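For reference, the chains in residue letters:
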Amino acid sequence: MPIRTASARWQGNLTEGAGTVRTGKGGLTGSYSFKSRFEEGEGTNPEELIGAAHAGCFSMALSKQLADAGATDISVETTAKVHLDKTDAGMTVTRIDLETVGQLPGMDAAQFTKLAEAAKENCPISRLLSPGAQITLDARLA
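The sections below set out a description of the structure shown in this document. (Residues numbered from 1 in each chain as written. Predicted model: local features only at pLDDT ≥ 70, side-chain atom pairs only at ≥ 80, totals over all residues. Heavy atoms only, no water.)

### Re the side chain of Ser59
Among the structural elements, Ser59 can be located in helix 2 (residues 46-68). Discounting residues that sit within four places of it in the chain, Ser59 has contacts with Val76 and Thr78. (Helix = DSSP H or I, 4+ residues; strand = E, 2+ residues; numbered from the N terminus. Contact = heavy atoms within 4.5 Å.)

This is the structure we're talking about:
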């Protein structure tokens, strides 16, 4: 398997500096700052990037679970809400809430929920993050 890369450049002090993050193949480039991370400023932040990675990984894992169960015409949309909280150890990602909606003709809600839970357990990013952060899942059909 290939090794994936990303980079970040930061200039200046913590509160007034600014930076740029970039994925290795140039798919994503974004600016970030203290305001975009800890306030409501323009730009992205590491937690949003973790959320995007988790939502993407989970959606792919769920599509595999669904296909293995015989589903066709699969459409899944996932949002990851990453909670960054101040703890005794410092700023910490404490929880990620996955919200996924599937459009799958002929599938019942119970089966979809079961497959979504399996995807959450088997997604590599969930496995990476779950020892340190609680991961919740709200899965429903459109």
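### A word on the sheet that holds strand 5 (residues 90-103)
Strand order in the open sheet formed by three strands is 4-5-6, with mixed pairing between adjacent strands. With one partner strand each, in any of the chains shown, strand 4 (75-87) and strand 6 (134-141) form the two edges of the open sheet. Each strand of the sheet is rotated relative to its neighbour by a mean of 15°, with strand direction disregarded. Judged from the eight bridges that link them, strand 5 and strand 6 form a sheet pairing that is parallel. Of the residues in strand 6, the one forming a bridge with Thr100 is Ala139. Taken strand by strand, helix 2 contacts strand 4, strand 5 and strand 6, and its axis lies near 145° from that of strand 4. Set on the sheet, helix 3 (residues 109-122) makes contact with strand 5 and strand 6; between it and strand 6 the angle comes to about 150°. (Pairing = 2+ DSSP bridges. Axes fitted to C-alpha atoms, helices over the stretch in contact; angles between N-to-C directions.)

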